[in-house]
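# An overview of the molecular structure
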Amino acid sequence: MTISFDLDMADMMSFQKHYVNTAPAMKKAKSLIAYIFPLFILIFGFLSFYSRHSRIDIYFIIIMLIISALWAIFMPKFFVNRTLNRSKKILSKPGNEVMFGKFEMTFNDSDFEVITAKTNSNILWSAIPKVEETENYIYIYLSQVSAYIIPKRKISAEEVENLRTVLKQHLL
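What comes next concerns the included structure. (Residues numbered from 1 in each chain as written. Predicted model: local features only at pLDDT ≥ 70, side-chain atom pairs only at ≥ 80, totals over all residues. Heavy atoms only, no water.)

## Things to note about the overall build of the chain
What counts here: Helix and strand definitions follow DSSP, with helices as H or I runs of at least four residues and strands as E runs of at least two, each counted in order from the N terminus. Within these notes, the globule rule equals 2.2 Å times the number of residues to the 0.38 power, and the radius of gyration is based on C-alpha atoms. Residue burial is assigned from relative accessible area. The probe radius is 1.4 Å, only protein chains are included, and a residue is buried under 20% of its type maximum, exposed over 50%, and partly exposed in between. Whether two residues touch is decided by their heavy atoms; if any such pair falls within 4.5 Å, the residues are in contact. Computed with the Shrake-Rupley method and a 1.4 Å probe, the accessible areas treat only the protein chains shown as cover for residues. Residues scored as charged are limited to Lys and Arg (positive) and Asp and Glu (negative), so that His and the chain ends carry no count. Charged groups are reduced to one reference atom each: NZ for lysine, CZ for arginine, CG for aspartic acid, CD for glutamic acid.
Counting its regular elements, the chain contains four helices and seven strands. Along the chain, from the amino end to the carboxyl end, the secondary structure elements read β-α-α-α-β-β-β-β-β-β-α. The C-alpha atoms of the chain give 23 Å as radius of gyration, which overshoots the globular expectation for 172 residues (16 Å, by more than 25%). Along the first, second and third principal axes, the C-alpha set of the chain runs to 75 × 35 × 25 Å. For the chain, with 172 residues in total, the buried portion stands at 33%. Across the chain, contacts joining residues at least 24 apart in sequence account for 56% of those joining residues at least 6 apart. Accessible surface, the chain as shown: approximately 10,900 Å² in total, 61% of it carbon and sulfur. Within the chain, one finds 20 positive and 15 negative side-chain charges whose respective centroids are separated by 16 Å.

## Describing the nonpolar core
As a reminder of what qualifies: Residues grouped as a nonpolar core are buried Ala, Val, Leu, Ile, Met, Phe, Trp, Tyr and Cys residues, joined through side-chain atoms within 4.5 Å.
Counting 38 residues, the largest nonpolar core has M105, F107, F112, I140 and I150 as the members making the most contacts within it. Look past the residues within four positions of I140 in its chain and what remains in contact with it is M105, F107, F112, I128, K130, V131, A147, Y148, I150 and L167.

## Brief notes about the layout of surface pockets
How we decide: With a 1 Å grid spanning the protein atoms alone, the term cavity applies to any set of points in which a 1.4 Å probe fits but cannot get out, the term pocket to an open set with protein on both sides within 12 Å along at least five of seven lines, and the term lining residue to any residue with an atom within 4 Å of a point. Grid points are joined across faces, edges and corners, and a volume is the space filled by probe spheres set on the points. All amino acids are sorted into three groups, where Ala, Val, Leu, Ile, Met, Phe, Trp, Tyr, Cys and Pro are nonpolar, Asp, Glu, Lys and Arg are charged, and the leftover types, Gly among them, are polar.
Put simply, the largest pocket is a space of about 330 Å³. Looking at the lining of the largest pocket, the elements with two or more residues in it are β1 (2-7), α1 (9-22), β2 (101-107) and β7 (147-151). A per-class count over the lining of the largest pocket returns 15 nonpolar, five polar and no charged.

## Digging into helix α3 (residues 58-91)
Residues spaced three or four apart along an α-helix face the same direction, because each turn holds 3.6 residues. Which entries qualify depends on this criterion: Here the expected length of a helix is defined as 1.5 Å per residue gap, with one fewer gap than residues. The reported bend at a residue is simply the angle between two axes, fitted to the 7 residues ending at it and to the 7 residues beginning with it.
Between the first and last C-alpha of α3 there are 49 Å, a value that for 34 residues agrees with the 50 Å anticipated at 1.5 Å per step. In the structure, α3 departs most strongly from a straight axis at F74, where the bend amounts to approximately 35 degrees and where the proline P76 lies between one and four residues downstream. Regarding α3, the residues found buried are M64, S68, P76, F79, V80, T83, L84, S87 and L91.

## With respect to a nonpolar patch on the surface
Note the following rule: Patch definition: residues with relative accessible area over 30% and no salt bridge; like charges joined within 9 Å; nonpolar side chains (Val, Leu, Ile, Met, Phe, Trp, Tyr) joined within 5 Å. One speaks of a salt bridge when a side-chain nitrogen belonging to Lys or Arg is within 4 Å of a carboxyl oxygen belonging to Asp or Glu.
Taken together, the side chains of I58, Y59, I62, I66, L70, I73 and F74 present a nonpolar region at the surface, about 730 Å² in accessible area. Take I73: it is sitting in helix α3.

## Digging into the sheet that holds strand β3 (residues 111-115)
Adjacent strands of a sheet pair through backbone hydrogen bonds, lying either parallel or antiparallel. To keep things clear, this is the line we draw: Paired strands, in this sense, are two strands between which DSSP finds at least two bridges. All axes are obtained by fitting lines to C-alpha atoms, using only the stretch in contact for helices, and the reported angles, taken between N-to-C directions, cover 0 to 180 degrees.
Read from one edge to the other, the open sheet built from four strands follows the order β1-β2-β3-β4, with strand pairing classed as antiparallel. Here the strands that pair on one side only, and so sit at the sheet edges, are β1 and β4 (120-124). Put simply, the sheet's adjacent strands are angled 20 degrees from each other on average, direction ignored. The pairing of β3 with β4 spans five bridges and is classified as antiparallel. From the neighbouring strand, I115 faces β4, where its bridge partner is N120.

## Points about the side chain of K152
By the secondary structure assignment, K152 is in the loop between β7 and α4 (157-171). When residues no more than four places from it in sequence are discounted, the contact partners of K152 are E133, T134, E135, N136, Y137, I138, V160 and R164.

## Description of the pairing of β1
Only one face of β1 is covered, namely the one carrying I3, F5 and L7; the face carrying T2, S4 and D6 has none of its residues buried. Sheet topology note: the β1/β2 ladder contains six bridges and is antiparallel. Its bridge partner being in β2, T2 is matched across the sheet by T106.

Set out below in structure tokens:
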């Protein structure tokens, strides 16, 4: 079975967004940013204020709670947006154009071949740690952080079904 499609920056950024929102390491980083850091702000602020004034000021505690809550609400979104912007900047640099353009993938019994304008790769099925499917994409992972991105809107519904069958046959 062979499929062909064009991969563009929007497809690559969809993968980046999917990764940032689903990868365990990224979830852990977002949790640390959202909860652990505000807790340190509260503790440090309380100890700092208390050591200088030797009494607890309710207004100071309220201000620290508000700052911590705002941090917990807005910092994870800022983290995701900053990560995606950095990814886009890196992907836009010269030399990364090999990641975009026309892809042709041929799926065989022992491996699959990926042909682009500048590369030709054969990947054994045993080298694929996982496959994920979203509403718009199929991601064939090569490692925890990189994957072949197949935009379902750029191949026919029949090809999507055939691809699912091939992937289930070789990876489950």
